[in-house]
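Descriptive analysis of the structure
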Amino acid sequence: MDDQTPRTPSRRKVLRTTAGAAGTGLGIGALSGRTARAATESVPSAPPGSAAVPKRRGATMAGVPFEGRSTVRIGIVGLGNRGASMIGNFLALPWVRVVAVCDPVREKAERAASTVVAAGQPAPALYTHGEEDYENLCTRTDLDFVYVATPWETHFAIARAAMLGGKHVGVECPVAMELADLWELVDLSEQTRRHCMQLENCCYGRNEMRVLRMAHAGRFGELLHGAGAYNHDLRGLMFSPTYYEGPWRRLWHTRRRGDLYPNHGFGPVANYMDVNRGDRVLSISSFGTPALGLAEYRAANMPPGDPSWKETYIESDRTISMVKTAKGRLIRLEHDVSTPHPYSRINSLGGTRGVFEDYPARIYLEPDHKDDVWGDFSAYAAEFDHWLWKEHANPPGGHGGMDYLMVFRLMQCLQLGLPPDFDVYDAATWTAPVPLSHASIKANGAPQEIPDFTRGEWQKARAGVDSAKPA
């Protein structure tokens, strides 16, 4: 059944961002004054269990389905490296139409529009008049979903505008940078009845989905521990004059000391452990090394007079965090983008019957393996590969196909009127380490409470990424 009429309160004025540091996708976007101050201020330390949960202002969004529709009409905000690379995944789906695109850099929007037209769709509307033209896109009455791929500091404001405009919204990582903003997104999702999702593509990786199904089938026994990371040498890209639209990502290393990008590692492990679906995370304790890597790279590679020489880096080269769950499980998170290191998300899960470790993929389960010799993880493909990977054995798109599968599944849920595989509570939970790891490091590793964004709904089992194939 088609339902194209948003049911939402009147749109209010959204948080504005000021021009300044440039950013991928949304061209130039700086921190608002409130965000800029909060980025460098200490977050008060709170012992686990001490913080009050705000009163719910609307019904839960856990398990709430989309409205079914024959055609899913989307708007894309941010057309830099990430946004431009994702357009093809949307256009590959015959029931999806790209109606509008937005970026202050008009050339980027025009290139995106040409891609849409070349795919046989009508030319999308262009929104290129400044940093806040996304607000006008979000007021359109012919959009169902807004996809956001802009600098991190703008994510909250755009997601907010989308929901207030009656649109479901999916945001690239992280969904927001401040704890108060995470709570506001939760409240807005519940009030507007619009879904706000963290578009975590790594949850749709083939290995991650196979481990997820094995965990749910009990092959690891009772789950005990997991680990995830974003260890990726980005020094060259962060100092590149062309890869990002300005220095926005590098500038976050002058503002925070904690885990700036926890979602790729945290999301999959949270799924394995049914976080927000039978377990919940309670607290995070974080520790960070000195900040040396970016300064050393700059000294070796950047000429005198480069604007980067005015920057002072405080972000820990490596952050290590320990997250504790209500069931007593432990999750280790790591973040390192400023030292030499082969790419790794770690992606590990252990239980009473064995362990999986990725990079490279290897497994050891009782009674399948013995003599302390790792087993062949591919031997479990036939039985435990997710139906998405069986249905799309060689998916198109970037990151080994996980980008396409994420878009396919989300758009499928929108079309068929299914609940999304993850929701605003997962978005807030997976992003909470961004401000809380910074606070913990500044407090010498003191545990910081991770709020129960579900307000108690986590105790109810429900489906997630380990979803059943629609009939």
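All figures in this text were calculated on a predicted structure; none of them were measured in a lab.

Conventions adopted
- Residues numbered from 1 in each chain as written.
- Predicted model: local features only at pLDDT ≥ 70, side-chain atom pairs only at ≥ 80, totals over all residues.
- Heavy atoms only, no water.
- Helix = DSSP H or I, 4+ residues; strand = E, 2+ residues; numbered from the N terminus.
- Buried < 20%, exposed > 50% of the residue type's maximum accessible area, 1.4 Å probe, protein only.
- Contact = heavy atoms within 4.5 Å.
- Areas by Shrake-Rupley, 256 points an atom, 1.4 Å probe, with all protein chains shown as cover.
- Phe/Tyr/Trp six-rings, centres within 6.5 Å; stacked < 30°, edge-to-face > 60°.
- Lys NZ or Arg CZ within 6 Å of the ring centre and 35° of its normal.
- Pairing = 2+ DSSP bridges.
- Polar contact = N/O pair within 3.5 Å; in protein donor to acceptor, adjacent residues only side chain to side chain.
- Axes fitted to C-alpha atoms, helices over the stretch in contact; angles between N-to-C directions.

Comments concerning the overall build of the chain
- In terms of regular secondary structure, the chain is built from 16 helices and 14 strands.
- Residues classed as buried in the chain amount to 59% of the 471 residues present.
- Sequence-distant contacts, at least 24 apart, represent 77% of the contacts inside the chain between residues at least 6 apart.
- Within the structure as shown, the chain displays about 17,500 Å² of accessible surface, and the carbon and sulfur contribution to it stands at 54%.

A word on the packing of aromatic side chains
- Summed over the entire model, instances satisfying the criterion amount to 17 aromatic pairs.
- Ring geometry for Trp95 and Phe408: centres 5.8 Å apart, planes at 75°, overall edge-to-face. Here Phe408 lies in helix H14 (residues 402-416) and Trp95 lies in the loop between helix H2 (81-91) and strand E2 (96-102), a separation of 313 residues in the sequence.
- Residue Trp95 is classed as buried on the basis of its relative accessible area, which comes to 15%.
- With relative accessibility at 7%, the residue Phe408 sits in the buried group.
- Plain terms: the ring middles of Phe422 and Trp430 are 5.3 Å apart, the flat faces sit at 70° to each other, and that makes the pair edge-to-face.
- We classify Phe422 as buried; its relative accessible area is 5%.
- Among the residues examined, Trp430 registers a relative accessible area of 1% and is labelled buried.
- Three or more aromatic residues joined by ring pairs form one cluster here, namely Trp152, Tyr230, Tyr243, Tyr244, Trp248, Trp252, Tyr261, Tyr343 and Tyr359.
- Over the ring of Trp252 we find Arg255, and its NZ or CZ is 5.1 Å from the ring centre.

Observations regarding H2
- Buried within H2 are the following residues: Arg82, Gly83, Met86, Ile87, Asn89, Phe90 and Leu91.
- For H2, the elements touching its buried residues are strand E1 (72-77), E2, helix H3 (106-118), strand E4 (145-148) and H14.

Topic: the pairing of strand E9 (residues 319-325)
- Taking every second residue as pointing to the same face, the buried face of E9 carries Thr319, Ser321, Val323 and Thr325, while none of Ile320, Met322 and Lys324 on the other face is buried.
- Relative to E9, strand E8 (residues 281-288) is paired through seven bridges, and the arrangement is antiparallel. When the bridges of E9 are listed, Phe287 appears paired with Ile320.
- Here six bridges tie E9 to strand E10 (residues 330-336), and the two strands are oriented antiparallel to one another. Across the sheet, the residue bridging to Val323 is Ile331, located in E10.
- Taking the residues that link successive antiparallel strands as the turn, the E9-E10 hairpin has four residues, and the phi of Gly328 there is positive, at about 85°.

As for the side chain of His438
- Relative to the assigned elements, His438 resides in helix H16 (residues 433-442).
- On the accessibility criterion, His438 (2% relative accessible area) is buried.
- For His438, the side chain forms a polar contact with the main-chain nitrogen of Arg257, separated by 3.0 Å.

Describing the sheet that holds strand E7 (residues 223-231)
- Taken in spatial order, the eight strands of this open sheet run E13-E12-E11-E7-E10-E9-E8-E14, and their pairing is mixed. Strands with a single pairing partner mark the edges of an open sheet, and in this sheet they are strand E13 (362-365) and strand E14 (448-449).
- Note that E7 and strand E11 (residues 348-351) share four bridges and pair antiparallel. Bridging from a neighbouring strand, Ala227 pairs with Ser348 of E11.
- Packing against the sheet, H16 makes contact with E8, E9, E10 and E14, and its axis sits at approximately 55° to E8.

Digging into the sheet that holds E4
- Taken together, six strands build an open sheet; the order of strands is E3-E2-E1-E4-E5-E6 and the sheet is parallel. The sheet terminates laterally at strand E3 (125-127) and strand E6 (196-198), the two strands that pair on one side only. Going across the sheet, the axis of each strand differs from the next one's by a mean of 25°, ignoring polarity.
- Here E4 runs beside strand E5 (residues 168-171); their pairing, made up of four bridges, is parallel. Opposite Val148, over in E5, you have Val171 as the bridge partner.
- Contacts between H14 and the sheet are confined to E1, E2, E4, E5 and E6, with E1 contributing the most and set at about 140° to the helix.

Bear in mind that shape data such as this cannot, by itself, settle questions of function.
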